[in-house]
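Architecture at a glance
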2 protein chains.
Amino acid sequence: MAGQNEWTTTKGREQSRITIGDVAEALGISKTTVSRAISGKGRIGEQTRQRVLAYIEENNYRPNPMAQGLAQSKTYNIGWVIPGDSTITDLPFFQRCMIGISEVASKENYDILISMVYDHELEHLRRVVENHKVDGIILGRTLIDDERVRFLKEHDIPFVVIGSSSEPDVIQIDNDHVKACRELTSILIMKGIRRLALIGGDENHVVNQTRRRGFEEAVAEQHLNEDDVFIYMNGETKVDIERSVEEALRNQVECIVTMDDRIGFEVINILKRDGIQIPDQVKLASFYSSDLLESNQPAVTALQYDPKELGVVACRTLFDMMNARQVDEKVLLSYEVALRGSTQ
Amino acid sequence: MAGQNEWTTTKGREQSRITIGDVAEALGISKTTVSRAISGKGRIGEQTRQRVLAYIEENNYRPNPMAQGLAQSKTYNIGWVIPGDSTITDLPFFQRCMIGISEVASKENYDILISMVYDHELEHLRRVVENHKVDGIILGRTLIDDERVRFLKEHDIPFVVIGSSSEPDVIQIDNDHVKACRELTSILIMKGIRRLALIGGDENHVVNQTRRRGFEEAVAEQHLNEDDVFIYMNGETKVDIERSVEEALRNQVECIVTMDDRIGFEVINILKRDGIQIPDQVKLASFYSSDLLESNQPAVTALQYDPKELGVVACRTLFDMMNARQVDEKVLLSYEVALRGSTQ
DNA sequence: TTGAAAGCGCTAACAA
DNA sequence: TTGTTAGCGCTTTCAA
């Protein structure tokens, strides 16, 4: 347990590092030429280019990103900001987004600087931005009134948001929640369901508002009786959800729709506990799917999105912005409705 | 949906940036002096120091980390590597570790470069290391035979591992799993339990091996009959776990011990489904706790660790290494045994 | 206690 | 097509 260990100094390591100057000297050409061979910018003879590339490959030379950064005012990092209060259910979503981001970023030789920031606690975000540690930022979940968004707008750094924002002039990548929720709800109604409840989470999250809107639009379009529809928001704790479920059942709804997988999962547990059969006694659907719901018995009808694709598109868009290309203010990705046993 | 948007060029933004030269000029002193005031290195008059600091504060000047980096061969980034195949149950653990890491790193003006790497797919890790994007690395979960560890050792970059490694000369920060598992197991035995089963996960994870060892040591110390003890490893899927539980029950164990919260949770679901009462018909304990187990009815007896503290210690240790200070090869953090209703 | 000057490794005008 | 020459913004000898 107590072995001691000492480290070579930084200097010791760095000595081994080969620079663009070394390459140039070895090849009897100038640094500029080497630089051009690497970057592809500027004219250069195909022959020299190959020679340089070959040498570089062989001696596995790598440009020093710090030096590149200093010369080009670039960091080769993008910031990935997720909420500090992420729960276990958010995490897999962010993880998959990140896989997409990472994939795109890697191709451009960029890395991901991660930053967890709590609402109203921008300290870390501020550091990253003011220290110019990143060239652009991707923001995870957004709130209705998001300080982070406002902060970034003020600082005039390229950023995109995964999710939707109520703030104007913010580049957003999101799934088409309104349309998706409208479609799923409509399908349920067309299946003959006449009384239904929606149980949702924090009203301050843009996504929850959006889902609610989709639900309500379907209800209106399908001319459902308003008295047959029950909406319970802010289902944060188990107790909240329990109360909502009870009330929904008391109101004899035929189907409970939950806004996300966490709530869906809680509802399942409550129903199981009380011995209420899905879908025989009450049907269940969710506006967001996950393993938890898919592997349930019966599997739960739900909307399916592709978080990784969100990450990919967000990152591409961010690069467009960083390169001063035009981008759409809002991109909406598609979704799938997965009808499963819980609404049979 | 289709608003167009264009971005100011990098140049436009950078113009506003104030440099150490500007500060020096404004104050009528040299860049060197300003640099000294900021870094605290070298002699400098208290008066000038204050004057510089005040000016900097007022005009909120920030040193350009790229330039600092280039001059000092530092990146001011540390790498945080987590397995690409992390599951929903791993994520909260990593998240909390990261909070601890971030806390320590921030104080040293460091940021976190995150990298998800899959087993046998070191590409991204290689990029980060070979491009010298980080000054040191913290590795998340470790495997018995970990390619990442070997890769990092070869590259002679400071790194620490959260968890344990079978590889020699690797700096490790971990909880004292052996002792913890031995203690919990002993307590169970001393409570009078004579037949018990252990259900564990992937045998290739160091942590699972370690937990098993603790369990076995307790069994030996307490002179339990070997025929009364059943160990089932590699409980990856629901089906695996189901089989283990069935077998354990057939063997009439009095208590099931699970290696982590995921398995514990599965066991709970199986027992509930089959109408087997905890703790009346069988007791349950887990070598790793989480919300899932704590909020269960009855709450599950389990070992409690503090992932954030792991992150804190890991990061501090890493800084020690980066500064060529001596560090212990292995640091073991403590734990708590939480006795709850499931073993009453 | 302060400053001048060189240099970190790379890019980009401008010349040739 | 290639090279020369200034920087990028900061640190760090070395000298004053």
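Residues numbered from 1 in each chain as written. Chains lettered and ligands numbered in written order. Predicted model: local features only at pLDDT ≥ 70, side-chain atom pairs only at ≥ 80, totals over all residues. Heavy atoms only, no water.

What about the interface of chain A and chain B?
Each side of the interface is counted separately: chain A has 66 residues, and chain B has 67 residues. Residues Arg127 of chain B and Asp111 of chain A are paired through a salt bridge, measuring 2.9 Å at the closest nitrogen-oxygen approach. Run the count over chain A and chain B and you get 19 residue pairs in polar contact (both at pLDDT 80 or more). Those elements that place two or more of their residues in the side of chain A that touches chain B are β1 (4–5), α1 (10–14), α5 (65–72), α6 (90–107), β3 (111–117), α7 (123–130), α14 (307–322) and β12 (327–328) of chain A. Looking at which element gives the most residues to the side of chain A that touches chain B, the answer is α6 of chain A, with eight residues. Partitioned by chemical class, the residues of the side of chain A that touches chain B number 29 nonpolar, 21 polar and 16 charged. (Contact = heavy atoms within 4.5 Å. Salt bridge = Lys/Arg side-chain N within 4 Å of Asp/Glu carboxyl O. Polar contact = N/O pair within 3.5 Å; in protein donor to acceptor, adjacent residues only side chain to side chain. Helix = DSSP H or I, 4+ residues; strand = E, 2+ residues; numbered from the N terminus. Nonpolar A, V, L, I, M, F, W, Y, C, P; charged D, E, K, R; others polar.)

Examining the sheet that holds strand β11 (residues 301–304) of chain A
Residue and element names in this part refer to chain A. Strand order in the open sheet formed by six strands is β8-β7-β9-β10-β11-β14, with mixed pairing between adjacent strands. Strand pairing shows two members of the sheet lacking a second neighbour, β8 (229–232) and β14 (336–338), which therefore form its edges. Direction aside, neighbouring strands of the sheet carry axes that sit 15° apart on average. Bridge count between β11 and β14: three bridges; the pairing is antiparallel. What sits directly across from Leu303, in β14, is Val337. Those strands touched by helix α9 (residues 177–190) are β7 (196–199), β9 (255–258), β10 (283–286), β11 and β14, and its axis lies near 160° from that of β11. (Pairing = 2+ DSSP bridges. Axes fitted to C-alpha atoms, helices over the stretch in contact; angles between N-to-C directions.)

What to know about the protein's contact with DNA strand C
As a matter of local geometry, DNA strand C sits amid 25 residues, with Ile20, Ser35 and Tyr61 of chain A together with Thr33 and Gly45 of chain B nearest to it. Of everything in DNA strand C that lies within 4 Å of the protein, sugar and phosphate atoms constitute 58%. At a separation of 3.0 Å, a phosphate oxygen of DNA strand C approaches a polar backbone atom of Ser30 of chain B. Contact distances for DNA strand C include 2.8 Å between a base nitrogen and a side-chain N or O atom of Arg36 of chain B. Counting only elements with at least two residues in the surface near DNA strand C, the list comes to α3 (31–39) and α5 of chain A together with α3 (31–39) and α5 (65–72) of chain B. The element contributing the most residues to the surface near DNA strand C is α5 of chain A, with four residues. Of the residues that constitute the surface near DNA strand C, the class distribution is nine nonpolar, eleven polar and five charged. (Near = heavy atom within 4 Å.)

Topic: the relation of the copies chain A and chain B
The transformation that overlays chain A on chain B combines an axial shift of 0.0 Å with a rotation of 180°, and the residual RMSD is 0.1 Å. These values place the two chain copies in the arrangement generated by a two-fold rotation axis. Distance from the rotation axis, computed per C-alpha, reaches its smallest value in chain A at Leu113 of chain A: 2.2 Å. The share of interface residues of chain A whose copies in chain B are also at the interface is 100%, consistent with both copies meeting through the same surface. (Least-squares fit on C-alpha atoms with pLDDT ≥ 70 in both.)

A closer look at the side chain of Arg148 of chain B
Inspection of the secondary structure assignment puts Arg148 of chain B in helix α8 (residues 147–155). Residues within four places of Arg148 of chain B in sequence aside, it is in contact with Val81, Ile82, Pro83, Val117, Leu122, Leu125, Leu139, Arg141 and Thr142 of chain B.

A few points about the UniProt feature "domain: HTH lacI-type" (unreviewed entry) in chain A
Per the UniProt entry, the sites bearing "domain: HTH lacI-type" (unreviewed entry) are residues 18–72 of chain A in this numbering. Helix makes up 69% of residues 18–72 of chain A and strand 0%, and the two end C-alpha atoms of the span are 20 Å apart. (UniProt positions renumbered as here; feature names shortened; annotations may be inferred.)

A few points about the packing of helix α11 (residues 238–250) of chain B against helix α12 (residues 261–273) of chain B
How two helices sit against one another is set out by the angle between their axes and by the gap between those axes. All names here are of chain B. At a closest axis distance of 10 Å, the pairing of α11 and α12 adopts a crossing angle of 60°. For α11 against α12, the interelement crossing comes out right-handed. Together, Lys238, Ile241, Glu242, Val245 and Leu249 of α11 and Arg262, Ile263, Glu266, Val267, Ile270, Leu271 and Arg273 of α12 make up the contact between the two elements. Residues of the contact of α11 with α12, tallied by class, amount to seven nonpolar, no polar and five charged. (Left-handed = near helix turned anticlockwise from the far one by under 90°.)

A closer look at unusual backbone geometry
Residue and element names in this part refer to chain A. Residue Pro298 is reached from Gln297 by a cis peptide bond, and omega for that bond is -5°. Along the chain, the position of Pro298 falls in the loop between α13 (291–294) and β11. Residues other than glycine seldom take positive phi values, yet Asp169 does so here, at roughly 60°. Position of Asp169 among the secondary structure elements: in the loop between β5 (159–162) and β6 (171–175). The backbone of Ala324 shows a phi angle near 60°, a positive value even though the residue is not glycine. For Ala324, the position within the fold is in the loop between α14 and β12. Its relative accessible area of 26% is what places Ala324 among the partly exposed residues. (Buried < 20%, exposed > 50% of the residue type's maximum accessible area, 1.4 Å probe, protein only.)

Digging into the protein's contact with DNA strand D
Residues in close proximity to DNA strand D total 25 residues, the closest being Thr32, Thr33 and Gly45 of chain A together with Ile20 and Tyr61 of chain B. Restricting the count to atoms of DNA strand D within 4 Å of the protein gives a sugar and phosphate share of 57%. Between Ser30 of chain A and DNA strand D, the recorded distance is 3.0 Å, taken from a backbone N or O atom to a phosphate oxygen. Note that a base oxygen of DNA strand D is positioned 2.8 Å from one of the side-chain N or O atoms of Thr32 of chain A. Elements with a contribution of two residues or more to the surface near DNA strand D: α3 and α5 of chain A together with α3 and α5 of chain B. In terms of residues, the surface near DNA strand D owes the most to one element, α5 of chain B, which gives four residues. Its residues assigned to classes, the surface near DNA strand D comprises nine nonpolar, eleven polar and five charged.

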